[in-house]
Amino acid sequence: MSTIGSFEGFQPVSLKQEGDDQAFETDHLSAKEEDPDTLSGPRQISRLPSMTESSLCPNPYHRPYSSRKYFVTWPGTIETAMEDLKGHIAKTSGETIQGFWLLTEIDHWNNEKERILLVTDKTLLICKYDFIMLSCVQLQRIPLSAVYRICLGKFSFPGMSLDKRQGEGLRIYWGRPEQQSLLSRWNPWSTEVPYATFTEHPVKYTSEKFIEICKLSGFTCKLIPAIRNAHKNSTGCEGGKGLIVLTEPILIETYTGLMSFIGNRNKLGYALARGSIGF
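Residues numbered from 1 in each chain as written. Predicted model: local features only at pLDDT ≥ 70, side-chain atom pairs only at ≥ 80, totals over all residues. Heavy atoms only, no water.

## Points about the overall build of the protein
Then step 1. Looking only at helices and strands, the protein has 6 helices and 9 strands in total.
Then step 2. The buried share among the 279 residues of the protein stands at 36%.
Then step 3. For the protein, the proportion of contacts with a sequence separation of at least 24, taken over those separated by at least 6, is 63%.
Then step 4. Carbon and sulfur atoms provide 56% of the accessible area of the protein, an area that totals close to 18400 Å². (Helix = DSSP H or I, 4+ residues; strand = E, 2+ residues; numbered from the N terminus. Buried < 20%, exposed > 50% of the residue type's maximum accessible area, 1.4 Å probe, protein only. Contact = heavy atoms within 4.5 Å. Areas by Shrake-Rupley, 256 points an atom, 1.4 Å probe, with all protein chains shown as cover.)

Below is the structure:
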């Protein structure tokens with residue numbers, strides 16, 4: 001049997017790990033400079049000291065959407081938002097706030113939008129808050145007595161949909177989807193959608209504080225009793241309807257989903273530090 005060395009033009013090569021070349025060269029120089037009498041003893045490999053020292057900063061793009069990029073995680077931001085909304089509710093309605101939550105709303109076109117949710121004794125408030133300028137941009141009020149159905153479950157999409165998501169969510173109905181007009185259903189900016197869909201915010205596991213206010217189960221446990229109490233105390237015709245809580249897939253009717261694909265991958269629905277433009 002022939003070996004590699006028997007082929008003409010081939011020579012055996014020894015494999016060395018990275019850094020062995022430098023060690024070999026330094027070892028060779030040390031052997032020349034040392035006294036022959038000391039070569040028989042244990043030999044130490046000396047390396048030349050580096051002329052310069054440098055320290056590398058962690059690559060900021062290693063995790064493109066780390067928690068620091070979300071403005072809501074900056075010190076004092078979420079606290080300022082809560083105080084602003086407390087003051088607004090105290091001036092306008094005087095209702096008792098039962099809790100604050102930071103969740104992600106998923107609209108009927110599968111676009112993600114970060115929202116602050118408040119539950120009072122009579123109202124569910126969905127707030128679009130600017131965490132950069134620290135101001136409330138939009139506040140949607142939903143009477144708890146009008147909510148008649150809540151669905152909990154995994155997200156589902158039509159079979160031909162190109163942009164699907166994983167995970168679970170919560171959908172709150174205060175109107176009949178079948179009564180929604182065709183124009184508002186196919187309008188991505190429509191505000192006449194009779195339901196809202198939520199899931200947990202990406203910063204949930206950044207700290208103990210955000211674990212509590214981003215927990216979807218915590219929001220659900222507070223919302224359902226508040227709705228039932230509102231139905232019980234309601235004097236109108238809505239008071240006897242009751243609340244239906246279902247566990248079933250949550251359907252999002254998007255097919256192409258190009259806009260949500262671009263927006264969700266780039267986190268356009270969140271207040272993010274997008275990086276510097278100059279150098």
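## Some words on a nonpolar patch on the surface
Then step 1. On the surface, a cluster of nonpolar side chains totalling about 510 Å² of accessible area is made up of Met160, Leu182, Trp186 and Tyr255.
Then step 2. Summarising the element assignment, Trp186 is placed in the loop between helix H3 (182–185) and strand E7 (195–200).
Then step 3. Taking relative accessible area as the criterion, Trp186 reaches 48% and is therefore assigned partly exposed. (Patch = residues over 30% accessible without salt bridge, like charges linked within 9 Å, V, L, I, M, F, W, Y side chains within 5 Å. Salt bridge = Lys/Arg side-chain N within 4 Å of Asp/Glu carboxyl O.)

## Thoughts on the packing of aromatic side chains
Then step 1. As enumerated under the stated definition, the model contains 7 aromatic pairs in all.
Then step 2. Pairing Tyr70 with Tyr270 gives two aromatic rings, centres 5.7 Å apart and planes at 90 degrees, and the pair type is edge-to-face. One end of the pair, Tyr70, is in the loop between helix H1 (20–33) and helix H2 (77–92); the other, Tyr270, is in the segment after helix H6 (258–265), with 200 residues separating them in the sequence. Of the two residues examined, Tyr70 and Tyr270, each falls in the buried class.
Then step 3. With a centroid separation of 5.6 Å and 45 degrees between ring planes, the pair formed by Tyr173 and Tyr195 is classed as tilted. Within this pair, whereas Tyr173 is found in strand E6 (residues 168–173), its partner Tyr195 is found in strand E7, the two being separated by 22 residues in sequence. Each of the two residues, Tyr173 as well as Tyr195, counts as buried.
Then step 4. Put simply, the rings of Trp101, Phe198 and Phe219 pair up and form one aromatic cluster.
Then step 5. The ring centre of Phe155 lies 5.8 Å from the NZ or CZ of Arg165, which sits over that ring.
Then step 6. Over the ring of Tyr148 we find Arg176; its NZ or CZ atom is 4.2 Å from the centre of that ring. (Phe/Tyr/Trp six-rings, centres within 6.5 Å; stacked < 30°, edge-to-face > 60°. Lys NZ or Arg CZ within 6 Å of the ring centre and 35° of its normal.)

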